[in-house]
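Chain residues, written in single-letter form:
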Amino acid sequence: MPGGSPVFWSAPAAATEPEPIPVTLDEAAEKATNAASWVEQNWSTWLNTGLRILLILVVALLLRMAVRRALTKLIERMNRSAQAVEGTALGGLLVNTERRRQRSEAIGSVLRSVASFLILGTAGLMILGAFKIDLAPLLASAGVAGVAIGFGARNLVTDFLSGVFMILEDQYGVGDSVDAGVASGEVVEVGLRVTKLRGVDGEIWYVRNGEIKRIGNLSQGWATAGVDVTVRPTEDLDRVKSVIVGAAESMAKEEPWNERLWGPVEVLGLNEVLLDSMTVRVSAKTMPGKALGVERELRWRIKRGLDEAGIRIVGGVPAQAEESAADPTAGMSAPSAFASATSPQSAAATPLPRPDLNK
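Residues numbered from 1 in each chain as written. Predicted model: local features only at pLDDT ≥ 70, side-chain atom pairs only at ≥ 80, totals over all residues. Heavy atoms only, no water.

Enquirer: Outline unusual backbone geometry, supporting the account with residue identities and numerical values.
Expert: The step from glutamate 255 to proline 256 runs through a cis peptide bond, and the omega angle for that step is -10°. Following the sequence through the fold, proline 256 ends up in the loop between helix H6 (237-252) and helix H7 (257-260). (Helix = DSSP H or I, 4+ residues; strand = E, 2+ residues; numbered from the N terminus.)

Enquirer: Go over the pattern of salt bridges with me, naming the residues and quoting the values.
Expert: Following the criterion strictly, the structure yields 10 salt bridges and no others. In this structure, arginine 301 engages glutamate 297 in a salt bridge whose closest nitrogen and oxygen atoms are separated by 2.8 Å. Of this pair, arginine 301 and glutamate 297 both sit in helix H8 (residues 291-309), four residues apart, which is roughly one turn of that helix. According to the relative accessible area criterion, arginine 301 is buried, its value standing at 10%. Accessibility expressed as a relative area gives 18% for glutamate 297, which makes it buried. Here aspartate 307 and lysine 303 are joined by a salt bridge, their closest N and O atoms 2.4 Å apart. With aspartate 307 and lysine 303 both in helix H8, this residue pair falls four residues apart, about one helical turn. Taking the relative accessible area as the measure of exposure, aspartate 307 reaches 45% and is therefore partly exposed. When salt bridges with common partners are traced through the structure, they connect Asp159, Arg208 and Glu211 into a single cluster. (Salt bridge = Lys/Arg side-chain N within 4 Å of Asp/Glu carboxyl O. Buried < 20%, exposed > 50% of the residue type's maximum accessible area, 1.4 Å probe, protein only.)

Put into structure tokens, the structure is as follows:
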């Protein structure tokens, strides 16, 4: 500073760390005694809780393993029964091995998932209860979350539940010809959410199970082959019937029609009688999915039998009518009123004479 002695600034002295308070031997012994006393008071509770949790986990895992093994054996037994029936005469017609395999695997997957969810979920709740945790708020929150998720994914839930019931009820399977309303064709794959159909032109339809409101299975039970034979009304009905029955009996004795026909071919009678034709209805019970082929073969044989018997069906080429002599007056036109000079029409059309101006 001016007029005085200079001032020197020095850095503040570093703060010294407080020295640790020494612990006496008596204090350490007291703390150890308190800790040991606390452990002695709670070790039984810890041991009880630990053993309870361990027991819950062991029982849950063993129960889950037993249930899954039982379900696996059940599915294997279903597949073995399908393979046993397949070796019989009609096994290949009535039982589709791939269909049974996919159906059994789908059912087994659903049952195993449900069993695991129930067993492990119950075990988890019991473990939380062993820790003295209040489960009421947790269950309430889980319920609200489940409702929200279910509302947001309601289409997915609908598809899944519909697929589960379709598989459990065996409404259709692989190889079946079905009409699902939105699409029709042969079932290629059955899933819990989507069913795959192959259409007539070879296209693959992916149909959500929740969109199927009604379904018609054309491959279960039996099918009906119907043929209409239209002949002239002048034909003898008994003769027509005998020809049809003969063609049907010869067809039923040959391969492979003797297996595809599940009943005698019946002549139901007249289905329609008109002035120029009459229709005879023929019906037969066939193997499911083979009705179209049976109808074609039956028409073929009936047509040949009718031709051999000289019975003409309606729709053939009509006989040519004999040509008559040409009418000579066909090329003449109708007489006209203007052809007569004395007719009023001719008089009206005649021009007036021009007057002579020299007179």
